[in-house]
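If you want the building blocks of each chain, they are given just below.
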Amino acid sequence: MDPWLVAVPSFAAGLAGLTAYGAVHPRSQLFCHTLFQTDQAKKLALTFDDGPNPAITPKLLDLLDRHHAKATFFLVGKWVRESPTLAKEMSDRGHLLGNHTDTHPNLFFCGPQETRTELLRCSEAIGQATWAEPRWFRPPYGFRSPWLGSLVLQQRMRMVMWTLLPGDWRLKPADWLIDRMKPIAAHAQNLRSPNQPSQKPSTGDILCLHDGDYARPNGDRAHTLAALEYWLPRWRDLGLEFVTMKQTNGKVVEA
Ligand SMILES: [Zn+2]
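The sections below set out a description of the structure shown in this document. A quick note: this is a predicted structure, and the numbers were derived from the prediction, not measured.

Re the environment of Gly98
Here comes step 1: Relative to the helices and strands, Gly98 is located in strand E4 (residues 96–99).
Here comes step 2: Overall, Gly98 belongs to the buried group, its relative accessible area being 0%.
Here comes step 3: For Gly98 and Thr72, which are 26 residues apart along the polypeptide, the C-alpha to C-alpha distance reads 6.9 Å.
Here comes step 4: Residues in contact with Gly98, not counting those within four places in the same chain, are Phe73, Phe74, Leu75, Ile126, Pro134 and Trp136.

Laid out in structure tokens, this is it:
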């Protein structure tokens with residue numbers, strides 16, 4: 001049997017697998033440098049995608065205030081144009097705003113020009129609402145393309161992924177979501193354990209939640225609020241500090 005008959009398809013399959021990994025895996029550095037952890041184990045970066053959402057975001061801002069927590073919000077441009085005052089309020093209350101594209105497409109299937117426009121229009125919407133352009137970017141669905149990295153850098157932003165994606169876009173009971181968020185507390189407990197320093201984590205979590213729904217206005221994210229209500233005081237008791245992406249020293253941790 002000709003070895004090429006075996007080798008070529010398996011090489012192609014391997015390449016396709018590698019491309020898929022590079023496109024979507026949160027730790028992949030294939031297409032560009034990507035932040036996916038904070039620079040200290042005790043620093044927890046709370047991040048929220050797909051807003052602003054008038055039905056949920058104001059309640060979330062109050063909840064975060066009650067726990068003295070600042071977060072990073074990756075906003076969708078079309079929703080910023082719908083609620084510019086809310087976007088301004090988020091920024092005024094000390095939260096960091098990031099770009100999550102204008103219409104939330106899967107960028108893996110967008111060409112360079114379309115991708116560039118998606119990024120620019122979102123930054124423009126945030127700039128008009130808040131007088132400050134975002135310096136942080138999160139790709140919709142976590143999908144990246146070979147040209148996304150350079151476009152993000154050209155627009156003076158940094159790419160941010162996550163360590164934990166509990167899946168709060170699913171309409172599940174709060175208990176289900178609370179359970180899915182357990183790994184954050186497990187890491188914090190490990191940090192406080194009597195283990196040797198070398199066995200303890202040196203980097204912290206970036207948690208990806210959603211205060212909006214990219215497809216429809218006023219998306220129901222009450223379970224996200226309830227799960228945070230449960231975890232925020234517990235995380236604080238475990239010694240975690242809530243930081244924005246700006247407060248992690250902007251360190252890129254290599255995979
Ligand atoms: Zn999204």
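Points about the side chain of His100
Here comes step 1: Note on placement: His100 falls in the loop between E4 and helix H5 (112–130).
Here comes step 2: For His100, the side chain forms a polar contact with the side chain of His104, separated by 3.1 Å.
Here comes step 3: The contact partners of His100, leaving out residues within four places of it in the chain, are Asp49, Asp50, Phe74, Leu75, Val76, Cys122, Arg138, Pro139 and Pro140.

What about helix H2 (residues 57–66)?
Here comes step 1: Taken together, the buried positions of H2 are occupied by Thr57, Leu60, Leu61, Leu63 and Leu64. Considered in projection along H2, the buried side chains sweep an arc of 165 degrees and stay on one side of the axis. Structural note: H2 exposes Lys59 and Arg66 on the side pointing more than 90 degrees away from its buried face.
Here comes step 2: Against the buried residues of H2 lie strand E2 (43–51), strand E3 (72–75), helix H4 (84–92) and helix H9 (222–237).
Here comes step 3: Once H2 finishes, His68 follows within two positions and takes phi at roughly 50 degrees, a positive value.

The rules behind these values
- Residues numbered from 1 in each chain as written.
- Predicted model: local features only at pLDDT ≥ 70, side-chain atom pairs only at ≥ 80, totals over all residues.
- Heavy atoms only, no water.
- Helix = DSSP H or I, 4+ residues; strand = E, 2+ residues; numbered from the N terminus.
- Buried < 20%, exposed > 50% of the residue type's maximum accessible area, 1.4 Å probe, protein only.
- Contact = heavy atoms within 4.5 Å.
- Polar contact = N/O pair within 3.5 Å; in protein donor to acceptor, adjacent residues only side chain to side chain.
- Arc of directions from axis to C-beta.

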